[in-house]
Amino acid sequence: MNDEIPSLFDVEAPATSTAQDPLPVRSDQVAQIREEFERAGITGQDQRKEIVESVTFRSVASLRDLRAVEAHRILKVIKGMQTSKPDRKGSAWDNREEDTWIDKL
C-alpha cells in the first residue's frame, strides 16, 4: 500500500486548544455591587461575603477577585433581595390584595 495516501480514519489531534480566561471584574461593577449592598441595607462584611460566596461557589477574599460574569449574578441576587416582599403576619386570606365576592356581600 502507498503510505502517502491519507487514510479516512487518520484523525489528527488539534495542535493546542486554549480556553479563553474569564474576564475579570471591572471597577464600575465593584462600585455597583457596593452601592447595591448599601441600598439593600446589607452593611456587615460577613453577610456580604456570605452572599458573594453563595453565588460564586468559591471563597472570595475581595470583590476585586471576582469575574465579570459572577459580578453580574451577584447584582441580580442583591436586586432580587430588594424587590422581594417583606414577610407579612397573618394568613394569605388576611393579606389578600383585593376584595373577593364574599367581602362585597
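None of these values were measured; they are calculated from a predicted model.

What counts, and where the lines are drawn
- Residues numbered from 1 in each chain as written.
- Predicted model: local features only at pLDDT ≥ 70, side-chain atom pairs only at ≥ 80, totals over all residues.
- Heavy atoms only, no water.
- Helix = DSSP H or I, 4+ residues; strand = E, 2+ residues; numbered from the N terminus.
- Buried < 20%, exposed > 50% of the residue type's maximum accessible area, 1.4 Å probe, protein only.
- Areas by Shrake-Rupley, 256 points an atom, 1.4 Å probe, with all protein chains shown as cover.
- pLDDT = per-residue confidence, 0-100.
- Core = buried A, V, L, I, M, F, W, Y, C linked by side-chain atoms within 4.5 Å.
- Contact = heavy atoms within 4.5 Å.
- 1 Å grid on protein atoms, 1.4 Å probe; cavity = no way out; pocket = protein on both sides within 12 Å on 5 of 7 lines; lining within 4 Å.
- Points joined across faces, edges and corners; volume = space filled by probe spheres on them.
- Nonpolar A, V, L, I, M, F, W, Y, C, P; charged D, E, K, R; others polar.
- Salt bridge = Lys/Arg side-chain N within 4 Å of Asp/Glu carboxyl O.

Focus: the overall build of the protein
Helix and strand counts for the protein come out as three helices and zero strands. Across the protein, helices and strands are ordered from the amino to the carboxyl terminus as α-α-α. Counting all 105 residues of the protein, 20% fall into the buried class. About 9,000 Å² of surface is accessible on the protein, with carbon and sulfur atoms providing 52% of the total.

Quick notes on the confidence of the model for the protein
Parts of the prediction with low pLDDT should not have their coordinates interpreted in detail. Per-residue confidence for the protein averages 82 on the pLDDT scale, and 76% of its residues sit at or above 70. Looking over the protein, one finds the lowest element-wise mean pLDDT in helix 3 (residues 68-83), namely 90, and the highest in helix 1 (residues 27-40), namely 95.

A look at unusual backbone geometry
Most of the time, phi is negative for any residue but glycine, and the peptide bond is trans. With a phi angle near 60°, Phe57 is a residue other than glycine that sits in the positive phi range. Along the chain, the position of Phe57 falls in the loop between helix 2 (45-56) and helix 3.

Quick notes on the nonpolar core
Within soluble globular proteins, side chains that are nonpolar tend to cluster in buried spots. If you look at the biggest cluster of nonpolar residues, it comprises 15 residues, and the most contacted ones within it are Ile33, Phe37, Val52, Leu63, Leu66 and Ile74. Looking at this core, the elements with two or more residues in it are helix 1, helix 2 and helix 3. Top element by residues in this core is helix 3. It accounts for four residues. Setting aside anything within four residues of it in sequence, one finds Leu66 in contact with Pro24, Val25, Ile33, Val52, Thr56, Arg58, Val60 and Ile74.

What to know about the layout of surface pockets
Estimated volume of the largest pocket: approximately 210 Å³. For the largest pocket, the full set of lining residues is Arg34, Phe37, Gln45, Arg48, Lys49, Val52, Val60, Ala61, Ser62 and Leu63. At the level of secondary structure, the elements contributing two or more residues to the lining of the largest pocket comprise helix 1 and helix 2. For the lining of the largest pocket, the leading source of residues is helix 2, giving four residues. When the residues that make up the lining of the largest pocket are grouped by side-chain class, the tally is five nonpolar, two polar and three charged.

Digging into the pattern of salt bridges
Taken as a whole, this structure holds six salt bridges when the rule is applied. Between Glu36 and Arg39 there is a salt bridge whose closest N-O contact spans 2.7 Å. Of this pair, Glu36 and Arg39 both sit in helix 1, three residues apart, which is roughly one turn of that helix. Judged by relative accessible area, which is 5%, Glu36 ranks as buried. Since its relative accessible area comes to 57%, Arg39 is described here as exposed. Ionic pairing is found between Arg48 and Glu38, a salt bridge with its closest N-O pair at 2.7 Å. Taken as a pair, Arg48 in helix 2 and Glu38 in helix 1 lie far apart in primary sequence, ten residues in all. Among the charged side chains, a network of salt bridges with common partners joins Arg58, Arg67 and Glu70.

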